[in-house]
Amino acid sequence: MGIVTPFPHGGQPSQIGFERAELTRILDLYGRMVAAGHWKDYAMNLGKDAAVFAAFRRAAERPEFRIEKRPALRGRQGMWALIGEQGMVLKRGHELGPVLAPVERRLMKLVD
């Protein structure tokens, strides 16, 4: 027989990502903002420390909003953050819904 090598399992995951329900909620908001004519493009960065969804008004500029998921902050301020175009944290929390609320309120003003 051969030698059995145990599967390596480190404490930290090599990449942070969005769960299906989280990504569905974010993409739903993105689709509604595209339909309202406000956003044109998006980008995702799945790194070692954070997963980031960035929404752009036009493709060649800074993102208008970034939605960040940082599990390391889960026990402190909350792992979700909404970051504005200037890099300021607009909202932080433990749940995704309340963090997306300022963007959804803005969408309601765009539609009216």
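Description of the structure in this document. None of the values given here were measured: they were computed from a predicted structure.

Take the overall build of the protein next. Counting its secondary structure elements, the protein contains 2 helices and 5 strands. Reading the protein from its N end, one meets helices and strands in the order α-β-β-β-β-β-α. When each of the 112 residues of the protein is scored for burial, the buried share is 34%. Counted over contacts in the protein with a minimum sequence separation of 6, partners at least 24 positions apart contribute 35%. When the accessible surface of the protein is summed, it comes to about 7600 Å², and 54% of that surface belongs to carbon and sulfur atoms.

Next up on the list: the nonpolar core. One finds Ile26, Trp39, Phe53, Ile67, Trp80 and Val103 to be the most contacted residues of the largest nonpolar core, which totals 20 residues. Those elements giving two or more residues to this core turn out to be helix H1 (20-35), strand E2 (51-56), strand E3 (65-69), strand E4 (80-84) and helix H2 (96-111). If you tally residues by element for this core, the top one is H2, at 5 residues. If we ignore the near neighbours within four places in the chain, the residues touching Ile67 are Phe18, Ile26, Ala51, Val52, Phe53, Trp80, Ala81, Leu82, Leu96 and Leu100.

A separate point is the pairing of strand E5 (residues 89-93). As defined by bridge partners, E4 adjoins E5 across 4 bridges and the pair is classed as antiparallel. Residue pairing in the sheet places Trp80 in a bridge with Gly93 of E5. Counted between consecutive antiparallel strands, the loop separating E4 from E5 contains 4 residues, among which Gly87 sits at a positive phi close to 95°.

Mapped onto the secondary structure, Gln86 falls in the loop between E4 and E5. Along the primary structure Gln86 and Phe65 are separated by 21 residues, whereas in three dimensions their C-alpha atoms are 9.2 Å apart.

Rules of the game
- Residues numbered from 1 in each chain as written.
- Predicted model: local features only at pLDDT ≥ 70, side-chain atom pairs only at ≥ 80, totals over all residues.
- Heavy atoms only, no water.
- Helix = DSSP H or I, 4+ residues; strand = E, 2+ residues; numbered from the N terminus.
- Buried < 20%, exposed > 50% of the residue type's maximum accessible area, 1.4 Å probe, protein only.
- Contact = heavy atoms within 4.5 Å.
- Areas by Shrake-Rupley, 256 points an atom, 1.4 Å probe, with all protein chains shown as cover.
- Core = buried A, V, L, I, M, F, W, Y, C linked by side-chain atoms within 4.5 Å.
- Pairing = 2+ DSSP bridges.

Treat this as a map of the structure, not an account of what it does.
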